[in-house]
Amino acid sequence: MISLAHTQVNEIKTLTGEIINNDIDKSGIVILNKSTGGTTISDVNGFFKIGVRLNDSIYLRSLQIKAHLIFINENIFKSIGYIKIEDQKKTFTNSHKFI
């Protein structure tokens, strides 16, 4: 008997995120799943939701912030739920908090 542990390639999970920056208007920031073409925008409080699969690339962009790319690797996909993106100086930092 052969047993394989794997994640289904087409399994989609919802990534919920929050952009944190008190110096900008956080609404309307574009969140793009470059792998599927799915898009959404952040709300007035900087919150967003987007569908992701294993190995997808999520791209955030706006005039207010520096573009940022998040790769959904296996560790992130397995523990996916909520991400905070801290942007205190109008550019994204390298510190992501995956909860």
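This text follows the structure it describes.
Parameters at a glance
- The written sequence of each chain sets the order in which its residues are numbered from 1.
- Per-residue local features are limited, in this predicted model, to residues with pLDDT of at least 70; the limit for side-chain atom pairs, both in listing and counting, is 80 or more; totals at the level of whole chains, interfaces and linings are taken over all residues.
- Note: side-chain values were computed over all heavy atoms of the structure, leaving out hydrogens and water.
- Stacked, edge-to-face and tilted are the three classes for Phe, Tyr and Trp ring pairs, Trp counted by its six-membered ring, which pair at centre distances within 6.5 Å; planes under 30 degrees apart are stacked, over 60 edge-to-face, the rest tilted.
- Only Lys NZ and Arg CZ are tested; either one counts as a charge over a ring when it is within 6 Å of the ring centre and within 35 degrees of the ring normal.
- Here, the term nonpolar core denotes a set of buried Ala, Val, Leu, Ile, Met, Phe, Trp, Tyr and Cys residues that are joined through side-chain atoms within 4.5 Å.
- The buried label applies to any residue whose accessible area, calculated with a 1.4 Å probe on protein chains only, is under 20% of its type's maximum; exposed applies above 50%, and partly exposed to all values in between.
- Numbered from the N terminus, helices here are DSSP runs of H or I no shorter than four residues, and strands are runs of E no shorter than two.
- Any two residues whose heavy atoms approach within 4.5 Å at even a single point are treated as in contact.
- The working definition used for a salt bridge is a side-chain nitrogen of Lys or Arg within 4 Å of a carboxyl oxygen of Asp or Glu.
- A pair of strands counts as paired when DSSP detects no fewer than two bridges linking them.
- Each axis is a line fitted through C-alpha atoms, and for a helix only the stretch in contact is used; angles between axes span 0 to 180 degrees, taken between their N-to-C directions.

**A short note on the packing of aromatic side chains**
So, step 1. For the structure shown, the criterion picks out zero aromatic pairs.
So, step 2. A cation over an aromatic ring shows up here: Lys13 above the ring of Phe77, its NZ or CZ 4.6 Å from the ring centre.
So, step 3. Looking at Lys34, its charged tip hangs above the ring of Tyr59, at a distance of 5.3 Å from the centre.

**Thoughts on the nonpolar core**
So, step 1. Leu15, Phe48, Val52, Ile58, Leu60, Ile70 and Ile72 are the most contacted members of the largest nonpolar core, which has 18 residues in total.
So, step 2. Those elements that provide at least two residues to this core are strand 1 (13-20), strand 4 (47-52), strand 5 (57-61), helix 1 (74-78) and strand 7 (82-86).
So, step 3. Looking at this core, the element that brings in the most residues is strand 4, giving three residues.

**Focus: the environment of Thr39**
So, step 1. Along the chain, Thr39 turns up in strand 3 (residues 39-41).
So, step 2. Under the relative-accessibility criterion, Thr39 is labelled exposed at 52%.
So, step 3. In sequence terms Thr39 and Lys49 are ten residues apart; their C-alpha atoms lie 9.4 Å from each other.
So, step 4. Apart from residues no more than four positions distant in its own chain, Thr39 is found in contact with Ile31, Leu32 and Ile50.

**With respect to the pattern of salt bridges**
So, step 1. Throughout the structure, instances matching the rule amount to two salt bridges.
So, step 2. The salt bridge partner of Asp56 is Arg53, with a shortest N-O separation of 3.6 Å.
So, step 3. Owing to a relative accessible area of 24%, Arg53 belongs among the partly exposed residues under this scheme.
So, step 4. Lys78 serves as the salt-bridge partner of Glu74, at 3.2 Å between the closest nitrogen and oxygen. Here Glu74 and its partner Lys78 are both found in helix 1, four residues apart, which amounts to about one turn of the helix.
So, step 5. We classify Glu74 as partly exposed; its relative accessible area is 39%.
So, step 6. In this structure Lys78 comes out as exposed when scored by relative accessible area, which is 54%.

**Thoughts on the sheet that holds strand 5**
So, step 1. Strand order in this open sheet of four strands is 3-2-5-6, and the pairing throughout is antiparallel. Taken across any chain shown, the strands that pair with only one partner, and hence form the sheet edges, are strand 3 and strand 6 (68-71). Neighbour-to-neighbour, the strand axes of the sheet open up by a mean angle of 20 degrees, direction not taken into account.

Purely spatial values, then, with no claim about function.
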